[in-house]
Amino acid sequence: GGGGRGGGGGRGGGQNSGDRGGYEKWPELTKESPTMEAYYKEQKIIAPEKWDAFLAAARTNLPTTFRISPVVAFADDMKKKLRSHFADLKIDELAKEMQEDDERLRAPEPIAWYPDELAWGMSISKKALKKTPALEKFHKYLVAETETGNITRQEAVSMIPPLFMDVEPHHRVLDMCAAPGSKTSQCLEFLHAKCGATGVPAGVVIANDADLERCSMLTHQMKRINSPSLVVLHHEAQNIPMLWQKSGEGASLTRTPMRYDRVLADVPCSGDGTMRKNVDVWRKWSPAQGLGLHKTQLMILARAVELCEVGGVVVYSTCSMNPIENESVVAAALGRFRHCLELEDTSSVCPSLIRHAGLHTWRVRDRKEPDTWYTPEDLPGNLKQIYPASVFPPTPEDAAALHLERCVRIYPHDQDTGGFFICKLRKTADHMVPKKLDATAEAAPAADVKMDAAPAPAAAEKEEVKVTAEDAAAAPAGAPAADGKAEVISGNVDAKMETEGGEAVVGEKRKAEGEAPAGDDKKEAQTTEKKEENKKQKKSKYDILIPISQAGLVDRLSQFYGLGPEFPSDQLFTSSDTGNKIYFVSGAVRQLLAADGKGQLHTVHAGVKMFEKNPTKNETFDYRLRQEGVAYLLPWLTKRIVKLDLSDFSVLLTKRCMLFLDLKTEGASQACEEMGGGCLLFMLNSDEWTGSNSVYLAGWRGTQQLTLFVSKLEAQALSHKVIGTKSEEQDDAGNAAAASEVKVEVTAEVT
């Protein structure tokens with residue numbers, strides 16, 4: 001979920017230090033929290049007869065769960081392997097090899113409620129999976145498939161929000177609190193699912209996170225999927241800018257907001273639903289956590305609604321069970337946007353998922369005193385900033401009118417999962433043009449929620465502000481301001497945009513006609529110097545993509561690889577003036593980059609790497625293909641292709657290099673000889689692997705030798721699919737690569 005971030009841990013290695021001299025084993029943390037248990041009993045989130053089952057389940061370890069990507073051509077093959085691998089293993093014998101604190105082994109099986117058997121679970125801890133000899137081969141298989149993006153490790157309940165979003169290939173999707181990226185990867189998979197292996201969807205997925213380090217981790221995770229339809233942003237979620245696209249000139253000038261068809265707000269939360277994997281929850285839980293996050297969660301949800309297109313969907317979720325972070329936030333947002341927002345019934349989505357209805361009422365406890373509970377009437381005046389009106393439940397009539405029962409609660413004891421909260425909101429009208437409400441109707445209590453005011457813009461940013469009467473009247477009061485400070489993705493592209501900043505649209509800064517300089521020349525020079533320094537810092541902090549400016553480079557790429565005039569070269573961008581790395585972006589991403597002409601978006605990553613400069617000592621064309629970008633180049637690629645029979649293809653996969661004179665495939669050696677040095681694409685010549693199932697390897701033709709440009713784990717995963725067996729060398733390569741390349745995503749389950 002979006003919460004519980006930054007928690008957990010303890011001292012590294014403490015649990016395993018008991019056998020070392022002078023050290024004692026750390027005592028196991030007791031999975032008990034009288035404060036938390038009493039709080040949730042009072043909230044009546046669980047029926048009394050189910051309480052003991054709930055607690056018992058919450059104290060057990062989570063099963064290992066993962067998803068199979070619906071985009072890969074080998075999904076059905078992977079399902080067969082998951083079933084067949086355990087068919088010959090003796091479960092009881094394996095159980096004896098495990099540590100005493102490991103649960104009984106259960107072979108992988110599909111998660112019942114997830115569509116098309118694309119999500120699987122198994123009852124074995126990650127530690128046992130890596131250390132049980134009989135499962136070593138299976139673990140290597142999971143490592144290789146995870147690195148290549150075919151499998152994503154993810155907690156089961158974390159898979160639910162994207163299923164509620166109903167993403168289609170043409171949708172513009174925003175994931176507001178995306179890191180570490182498992183839900184983003186689901187959205188990308190849904191975007192690509194109907195487009196084939198080489199198709200590019202008309203939509204785009206924007207993945208945002210407020211932490212720059214987590215954005216880097218998110219980018220690393222998403223590179224396993226290799227999508228040209230992805231953009232990674234770094235903003236506070238409540239301050240994500242809205243871009244406005246201009247069209248026309250003069251009197252016919254119009255501005256259109258660039259909104260999203262699907263918005264996921266998986267917000268930061270207290271994370272008590274993760275108690276099965278994050279044992280620190282039991283020790284650190286406090287009602288103050290939910291209260292402290294409530295305002296931020298409400299601001300993020302409000303911004304989600306503002307950024308959502310009319311008719312679009314906002315999915316709000318947390319990995320918390322606390323109504324202060326869940327139903328109270330949703331009720332407040334419904335009250336604020338009562339003319340344009342409604343909860344949708346989701347009972348038809350994943351019908352076999354056991355779910356519980358959202359709460360209509362709840363209690364608000366003092367942050368410190370366990371026996372002190374407040375209502376709006378008896379709340380002391382000095383506490384109203386800590387306990388805003390939005391944390392309290394609506395009246396029974398208002399709760400029924402808001403349909404809070406349509407919210408979804410998931411509990412651990414039902415289907416062996418963590419705790420989770422999800423709801424689906426539909427935007428039915430434009431929030432900037434409110435309907436005239438009946439003057440006699442009473443607004444829901446949540447409508448009076450006072451949002452935290454956005455900070456005033458700095459003096460340097462106030463030189464020119466354009467505010468239309470319509471904008472000022474229509475913008476919701478207290479809307480979070482957009483953060484428009486960064487100067488990131490920009491370029492000579494054909495769109496003019498402005499950025500929504502709460503109630504105002506801030507234009508380009510320029511001095512008013514005849515205005516005197518602010519300060520003397522020395523001060524102005526210092527200001528200019530500081531701005532230049534800030535630009536340098538931003539360039540190192542963000543990924544600045546610009547259209548290719550090198551004269552003739554696109555023509556040389558097209559000529560060398562035989563791309564032809566139909567290739568969308570305007571979708572090639574580079575990260576620097578040198579053009580060493582060339583990215584391919586979808587048409588929708590290009591539109592976004594064009595829309596951000598003023599550099600309002602703090603962009604960390606966009607598109608997929610397609611070409612990279614490979615310095616050579618001779619006259620050989622030095623731009624090589626990147627394996628991750630080949631799929632989107634194949635429809636236009638007509639040169640530098642060498643077709644290999646399975647025997648030669650297998651040798652390359654296994655040894656990663658060979659003399660091209662040793663090729664056995666008819667005509668292959670001569671083709672390499674005639675093509676000359678430089679990058680090649682080796683295609684498997686097989687009736688089984690054609691079209692969208694084509695198998696290929698990017699490589700290099702030197703003076704006499706062919707060399708692969710493919711990671712060891714990717715070669716190992718391809719070997720699983722194509723050859724069906726692995727050589728001893730590949731096993732060793734897989735071990736080394738697994739240790740060095742995939743430490744984060746395989747050893748730590750993502751949520």
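Residues numbered from 1 in each chain as written. Predicted model: local features only at pLDDT ≥ 70, side-chain atom pairs only at ≥ 80, totals over all residues. Heavy atoms only, no water.

Draft legend 1. Structural context of the overall build of the chain. Each helix and strand counted, the chain has 24 helices and 31 strands in total. Here the chain holds 751 residues, and 53% of them are scored as buried. Look at the contacts in the chain between residues 6 or more apart in sequence, and 77% of them connect residues 24 or more apart. Here the chain has roughly 33900 Å² of accessible surface; of this, 49% comes from carbon and sulfur atoms. (Helix = DSSP H or I, 4+ residues; strand = E, 2+ residues; numbered from the N terminus. Buried < 20%, exposed > 50% of the residue type's maximum accessible area, 1.4 Å probe, protein only. Contact = heavy atoms within 4.5 Å. Areas by Shrake-Rupley, 256 points an atom, 1.4 Å probe, with all protein chains shown as cover.)

Draft legend 2. Looking closely at the packing of aromatic side chains. Counting across every chain of the model gives 17 aromatic pairs. The interplanar angle of 80° and the centroid separation of 5.4 Å between the aromatic rings of Phe-567 and Trp-636 together place this pair among those described as edge-to-face. Note that Phe-567 is positioned in the loop between helix H17 (553–561) and strand E22 (572–574) and Trp-636 in the loop between helix H19 (630–633) and strand E27 (641–644), a separation of 69 residues in sequence. Members of the aromatic cluster, each reached through a chain of ring pairs, are Phe-560, Tyr-561, Phe-611, Phe-621 and Tyr-623. Sitting above the plane of the Trp-244 ring, Arg-255 keeps its charged end 4.4 Å from the centroid. Taking the ring centre of Phe-709 as reference, the NZ or CZ of Arg-624 above it sits at 4.1 Å. (Phe/Tyr/Trp six-rings, centres within 6.5 Å; stacked < 30°, edge-to-face > 60°. Lys NZ or Arg CZ within 6 Å of the ring centre and 35° of its normal.)

Draft legend 3. The arrangement of the environment of Phe-567 in detail. Note on Phe-567: relative accessible area 5%, which makes it buried. Through-space distance from the C-alpha of Phe-567 to that of Trp-636 is 6.2 Å; in sequence the pair is 69 residues apart. In this structure Phe-567 touches Leu-572, Phe-584, Met-610, Leu-633 and Trp-636, once residues within four positions along its chain are discounted.

Draft legend 4. Structural view of helix H11 (residues 287–307). Taking 1.5 Å as the rise per residue, H11 with 21 residues should run 30 Å; its terminal C-alpha atoms sit 31 Å apart, in good agreement. At His-294, H11 shows its maximal kink, close to 40°. Of all 21 residues that make up H11, 15 are buried, and the element is covered over most of its length. The N-terminus of H11 is capped by Ser-286, whose side-chain oxygen sits 3.1 Å from the backbone nitrogen of Ala-288. (Expected span 1.5 Å × (residues − 1). Bend = angle between axes of the 7 residues up to and from the residue. Polar contact = N/O pair within 3.5 Å; in protein donor to acceptor, adjacent residues only side chain to side chain.)

Draft legend 5. The arrangement of the pattern of salt bridges in detail. Taken as a whole, this structure holds 23 salt bridges when the rule is applied. A salt bridge links Arg-363 to Glu-42; its shortest N-O distance comes to 2.6 Å. Of this pair, Arg-363 sits in the loop between strand E13 (356–357) and strand E14 (364–365) while Glu-42 is found in helix H1 (residues 34–43), placing the two residues 321 residues apart along the sequence. Among the ionic pairs, Arg-336 bridges to Glu-306, the shortest N-O distance being 3.7 Å. One end of the pair, Arg-336, is in helix H12 (residues 327–336); the other, Glu-306, is in helix H11, and 30 residues separate them in sequence. (Salt bridge = Lys/Arg side-chain N within 4 Å of Asp/Glu carboxyl O.)

Draft legend 6. Focus on the pairing of strand E7 (residues 230–234). Counting buried residues along E7, 5 of its 5 residues qualify, which places the element largely inside the surrounding structure. Side chains Leu-230, Val-232 and His-234 project from E7 onto one buried face, and the interleaved Val-231 and Leu-233 project onto a second face that is buried too. Pairing geometry for strand E6 (residues 204–209) and E7, over 5 bridges, is parallel. Residue Val-205 lies in a different strand from E7, and its bridge partner there is Leu-230. Between E6 and its parallel partner E7, the chain crosses via helix H9 (residues 212–222), and the hand of that crossover is right-handed. (Pairing = 2+ DSSP bridges. Right-handed = clockwise from strand over helix to strand, strands pointing away.)

Draft legend 7. Broad picture of the sheet that holds strand E25 (residues 608–613). The strand order E21-E22-E23-E25-E26 describes an open sheet built from 5 strands, whose pairing is antiparallel. The open sheet has two edge strands, strand E21 (546–547) and strand E26 (623–625), and neither has a second partner. Bridge analysis of E21 against E22 gives 2 bridges, and the strand direction is antiparallel. Paired with Ile-546 across the two strands is Thr-574, which belongs to E22. Against the sheet, H17 touches strand E23 (581–584), E25 and E26, its axis set at about 55° to E26. (Axes fitted to C-alpha atoms, helices over the stretch in contact; angles between N-to-C directions.)

Draft legend 8. Broad picture of the packing of H11 against H12. Axis separation between H11 and H12 bottoms out at 9 Å; the angle between their running directions is 45°. With respect to each other, H11 and H12 are oriented oblique. Pair H11 / H12 crosses with right-handed handedness. Where H11 abuts H12, its residues His-294, Gln-297, Leu-298, Leu-301, Ala-302 and Glu-306 lie against Ser-328, Val-329, Val-330, Ala-332, Ala-333 and Arg-336. When grouped by side-chain class, the residues that make up the contact of H11 with H12 number 7 nonpolar, 3 polar and 2 charged. (Parallel < 35°, antiparallel > 145°, perpendicular 65-115°, else oblique. Left-handed = near helix turned anticlockwise from the far one by under 90°. Nonpolar A, V, L, I, M, F, W, Y, C, P; charged D, E, K, R; others polar.)

Draft legend 9. Spotlight on the confidence of the model for the chain. Looking at the chain as a whole, the pLDDT averages 79, with 74% of positions reaching at least 70. Throughout residues 3–21 the model reports pLDDT below 50, and contacts reaching past four residues in sequence, or to other chains, amount to 27 contacts. Considering only residues more than four positions removed or in separate chains, one finds that residues 725–751, a stretch of pLDDT under 50, has 68 contacts. (pLDDT = per-residue confidence, 0-100.)

Draft legend 10. Here's a closer look at the pairing of strand E30 (residues 696–701). In terms of burial, E30 is largely enclosed, as 6 of its 6 residues are buried. Burial along E30 is two-sided: Tyr-696, Ala-698 and Trp-700 and Leu-697, Gly-699 and Arg-701, pointing in opposite directions, are all buried. Relative to E30, strand E29 (residues 678–684) is paired through 6 bridges, and the arrangement is antiparallel. Each bridged residue has a counterpart across the sheet, and for Leu-680 the counterpart in E30 is Gly-699. When E30 meets strand E31 (residues 705–708), the two strands line up antiparallel, connected through 3 bridges. Bridging from a neighbouring strand, Trp-700 pairs with Thr-707 of E31. Connecting E30 to the next strand, E31, in antiparallel fashion are 3 residues.

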